[in-house]
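Analysis of the macromolecular model
So the chains spell out like this:
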Amino acid sequence: MQQSWIVLLPPCIVLISSLISRKLFPSLLLGLFSGVYIAQDYRLMPTIKLLICRIYEQIVSIEAISVYTFMFGVGILISIINYTGAATAFAQRLKQRITTKKSAELSAVYFLALLSLDDYLNCLTTGYIMRPIADSLKIARAKLAYILHSFAGPLVVIIPISTWATFITSQLDLSGISAEHTACTKILSDPFLLYIQSIPYTFYAFFSMIAATIVIIRSLSFGPMFTEEQQSTAAIATEDDIPTQVIRTTPLDLFLPLITLVSSILFGLLFTGGFWLFGGTNSMLEAFKSTDKAFQVLGIASILTIITSFTLSLVRKQIQPQTIAPLVGEGVKLMFPVIVLILIASTLGIVLRIDLHTGEYLASLLLSTIQPAYLPLLFFLVSALIATMIGTSWGTMTLLLPIGIPMLHTLVNAPTPALPGDITLLIPMIGAILAGSTFGDHTSPIAAASIMAATSARCDTLKHVITQYPYALAPFIGSCIGYTAMGYSMSSNATCNNAYLLACITGLTATIAVLYLQNYLAHRVKPSF
């Protein structure tokens with residue numbers, strides 16, 4: 001097909017349809033069908049054939065199967081913890097040690113960090129552990145939801161061993177980044193290593209966690225959250241707060257499965273990467289870089305964890321054999337809608353990159369109008385807007401990475417395949433897309449993360465989004481200023497290191513300044529009417 005503005009139509013259809021209907025799944029399906037229909041020159045039968053082919057490729061790939069297995073495992077683990085009441089029982093023990101609001105809020109942060117393999121896992125588990133304690137100390141549930149949300153997503157973005165890390169790596173691979181020289185390779189590099197290098201440029205993730213830590217330590221309160229905190233009272237336990245089974249539990253019931261999951265992943269990555277302790281020749285860092293089985297490791301680790309959890313529960317007579325199937329069903333039901341969304345969004349990304357070449361077309365449009373040094377800022381703003389409208393950070397990454405990487409490749413006239421060093425802005429731009437996606441995940445009322453954080457804290461989702469938005473504004477402004485400063489420095493021929501240092505200093509300073517300014521205005525300025 002001949003490239004024209006029509007190749008921009010599928011992502012626009014997804015965005016507009018999601019904005020109007022507030023339903024992502026049918027919007028993605030509509031965008032996917034329109035993309036394949038355009039790629040096949042508006043012929044129905046070839047469209048159906050290509051559509052089935054692209055979806056089938058995503059379903060049968062070993063990487064996709066492994067990721068989906070891991071996510072189903074997380075869902076099943078959550079269902080077991082909920083059924084046995086292990087999280088609630090452990091919270092009762094913590095009440096003896098946590099006696100102040102600040103210590104309770106910081107404890108939530110510690111748990112989030114310990115469980116940062118997956119945002120659903122750390123958000124839901126930490127919420128179930130800390131909510132009874134927060135209620136007893138009269139911490140507003142909206143405040144707890146804010147803390148959960150402010151660390152859950154950003155942590156899994158910047159920690160290489162997480163569900164997000166595997167997804168991001170797979171999307172980089174689909175966007176033309178590969179360690180092997182093939183016909184589709186645009187940039188010759190290990191996708192996982194490139195993701196690691198982009199982490200420092202994920203400004204919003206770092207600024208958001210720093211801002212939340214300051215809010216906790218300095219007891220800052222403003223906006224609708226201030227009203228919630230003033231009105232908060234000790235919540236009465238509801239039926240949802242009571243474990244499904246009132247049975248004998250210990251910290252072992254909660255932590256043994258989590259330790260099994262973490263240790264299995266670490267062992268698997270080091271083993272497949274050739275760590276010297278396991279018979280290979282690589283150091284620990286080299287093993288993490290060298291492993292090409294990260295997806296399979298996650299899948300196997302989740303299976304081992306589920307077997308361990310069920311075995312422990314059966315031995316301790318916390319569950320009966322006949323309850324295993326219903327618990328598995330609950331876990332699968334929890335994760336199934338998310339996995340379907342990922343499948344459709346990933347397929348759309350492949351169509352945009354391989355069949356429509358949307359990135360190359362955008363590059364041809366913007367070649368004479370955009371200064372390359374400011375592309376990180378542009379993609380941060382665009383990804384933030386998209387993620388807010390469609391309510392999914394993963395879907396946003398799937399849309400923008402296949403557009404941004406080929407676009408930048410063309411803008412700088414890099415060879416094919418190019419090395420990362422040939423494209424100076426490649427790593428900052430990837431970080432900016434991840435950062436913008438994280439912001440949208442914080443501010444969208446239809447985002448799964450918003451729903452999970454609110455559900456875990458037993459807070460209304462809309463209330464959570466409204467009370468959190470002023471707090472998300474500070475790191476957003478700081479990130480914009482940081483990317484602008486970096487673009488200005490690089491356009492002035494500054495080195496990458498100097499530009500990055502300037503961006504961090506100005507961005508973090510702006511974040512803290514906006515945070516304190518909002519708190520000052522909330523408590524010092526009186527209405528004049």
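Below you will find a few notes about this structure.

The rules behind the values
Residues numbered from 1 in each chain as written. Predicted model: local features only at pLDDT ≥ 70, side-chain atom pairs only at ≥ 80, totals over all residues. Heavy atoms only, no water. Buried < 20%, exposed > 50% of the residue type's maximum accessible area, 1.4 Å probe, protein only. Helix = DSSP H or I, 4+ residues; strand = E, 2+ residues; numbered from the N terminus. Salt bridge = Lys/Arg side-chain N within 4 Å of Asp/Glu carboxyl O. Axes fitted to C-alpha atoms, helices over the stretch in contact; angles between N-to-C directions. Parallel < 35°, antiparallel > 145°, perpendicular 65-115°, else oblique. Left-handed = near helix turned anticlockwise from the far one by under 90°. Contact = heavy atoms within 4.5 Å. Nonpolar A, V, L, I, M, F, W, Y, C, P; charged D, E, K, R; others polar. Phe/Tyr/Trp six-rings, centres within 6.5 Å; stacked < 30°, edge-to-face > 60°. Polar contact = N/O pair within 3.5 Å; in protein donor to acceptor, adjacent residues only side chain to side chain. Patch = residues over 30% accessible without salt bridge, like charges linked within 9 Å, V, L, I, M, F, W, Y side chains within 5 Å. Areas by Shrake-Rupley, 256 points an atom, 1.4 Å probe, with all protein chains shown as cover. 1 Å grid on protein atoms, 1.4 Å probe; cavity = no way out; pocket = protein on both sides within 12 Å on 5 of 7 lines; lining within 4 Å. Points joined across faces, edges and corners; volume = space filled by probe spheres on them. Expected span 1.5 Å × (residues − 1).

To continue, consider unusual backbone geometry. If a residue is not glycine, its phi is most likely negative; likewise, a peptide bond is most likely trans. Notably, Tyr42 is not glycine yet its phi reads approximately 65°, a positive angle. Here Tyr42 falls in the partly exposed class, since its relative accessible area comes to 44%. At Lys138, a residue that is not glycine, the phi angle is positive and equals roughly 60°. Along the chain, Lys138 turns up in the loop between helix 7 (119–136) and helix 8 (141–158). A relative accessible area of 45% places Lys138 in the partly exposed class.

What the rule picks out here adds up to six salt bridges. A salt bridge links Asp355 to Arg54; the nearest nitrogen and oxygen atoms lie 2.8 Å apart. With Asp355 in helix 16 (residues 324–355) and Arg54 in helix 3 (residues 44–60), this residue pair connects regions lying 301 residues apart in the sequence. With a closest N to O distance of 3.3 Å, Lys143 and Glu229 form a salt bridge. Of this pair, Lys143 sits in helix 8 while Glu229 sits in helix 12 (residues 224–231); the two residues are 86 residues apart in sequence, bridging distant segments of the chain. When salt bridges with common partners are traced through the structure, they connect Arg54, Glu57 and Asp355 into a single cluster.

As a further point, take the packing of helix 19 (residues 393–411) against helix 20 (residues 426–443). The N-to-C vectors of helix 19 and helix 20 enclose an angle of 160°; their axes lie 10 Å apart at closest approach. Taken together, the axes of helix 19 and helix 20 are roughly antiparallel relative to one another. Taken as a pair, helix 19 and helix 20 cross one another with a handedness that is right-handed. Contact residues: helix 19 offers Ser393, Thr396, Met397, Leu400, Leu401, Gly404, Ile405 and Leu408, while helix 20 offers Leu426, Met429, Ile433, Leu434, Ser437 and Asp441. For the contact of helix 19 with helix 20, the per-class residue count stands at nine nonpolar, four polar and one charged.

A full pass over the atoms with the stated rule returns 17 aromatic pairs. A ring pair is formed by Phe222 and Tyr471, whose centres lie 4.3 Å apart and whose planes are at 20°; its orientation type is stacked. Separated by 249 residues along the polypeptide, Phe222 in the loop between helix 11 (203–218) and helix 12 and Tyr471 in helix 22 (residues 461–491) bring together distant segments of the chain. Owing to a relative accessible area of 1%, Tyr471 belongs among the buried residues under this scheme. Between Phe380 and Tyr483, the ring centres sit 5.2 Å apart and the planes meet at 40°, which makes this aromatic pair tilted. Residue Phe380 is located in helix 18 (residues 375–390), and its partner Tyr483 is located in helix 22; the two are separated by 103 residues in the primary sequence. Considered together, Phe380 and Tyr483 belong to a single accessibility category, that of buried residues. Within the aromatic cluster, the residues linked to one another by ring pairs are Tyr201, Phe203, Tyr204, Phe207, Phe380, Phe439, Phe476, Tyr483 and Tyr500.

Note on Asp355: relative accessible area 16%, which makes it buried. There is a polar contact of 2.8 Å between the side chain of Asp355 and the side chain of Arg54. Leave out the neighbours within four places in its chain, and Asp355 touches Ala39, Leu50, Arg54 and Ile350.

With that settled, the discussion passes to a nonpolar patch on the surface. There is a patch of nonpolar side chains on the surface, built from Phe33, Leu44, Met45, Ile48 and Ile52 and spanning about 490 Å² of accessible area. The element that contributes the greatest number of residues to the nonpolar patch is helix 3, accounting for four residues. Mapped onto the elements, Ile52 comes out in helix 3. Take Ile52: its relative accessible area is 54%, and that puts it in the exposed class.

Take empty space enclosed by the protein next. Scanning all chains against the criterion turns up three cavities of 30 Å³ or more. Taken as a whole, the largest cavity spans an internal volume of roughly 70 Å³. Lining the largest cavity are Leu77, Ile80, Ile81, Thr84, Asp253, Pro257, Ser309, Leu312, Ser313 and Gln318. Elements with a contribution of two residues or more to the lining of the largest cavity: helix 4 (62–84), helix 13 (251–272) and helix 15 (294–315). Looking at which element gives the most residues to the lining of the largest cavity, the answer is helix 4, with four residues.

Glancing now at helix 11. Along its 16 residues, helix 11 runs 22 Å from first to last C-alpha, staying within 8% of the 22 Å computed at 1.5 Å per residue. Among the residues of helix 11, Phe203, Tyr204, Ala205, Phe207, Ser208, Met209, Ala211, Ala212, Ile214, Val215 and Ile216 are the ones counted as buried. Of the residues trailing helix 11, Ser219 is marked for its positive phi of about 55°.

Time to look at helix 20. Under the 1.5 Å per step criterion, the end-to-end length of helix 20 is 26 Å for 18 residues, consistent within 8% with the ideal 26 Å. With 18 of 18 residues buried, helix 20 is to be regarded as a mostly interior element.

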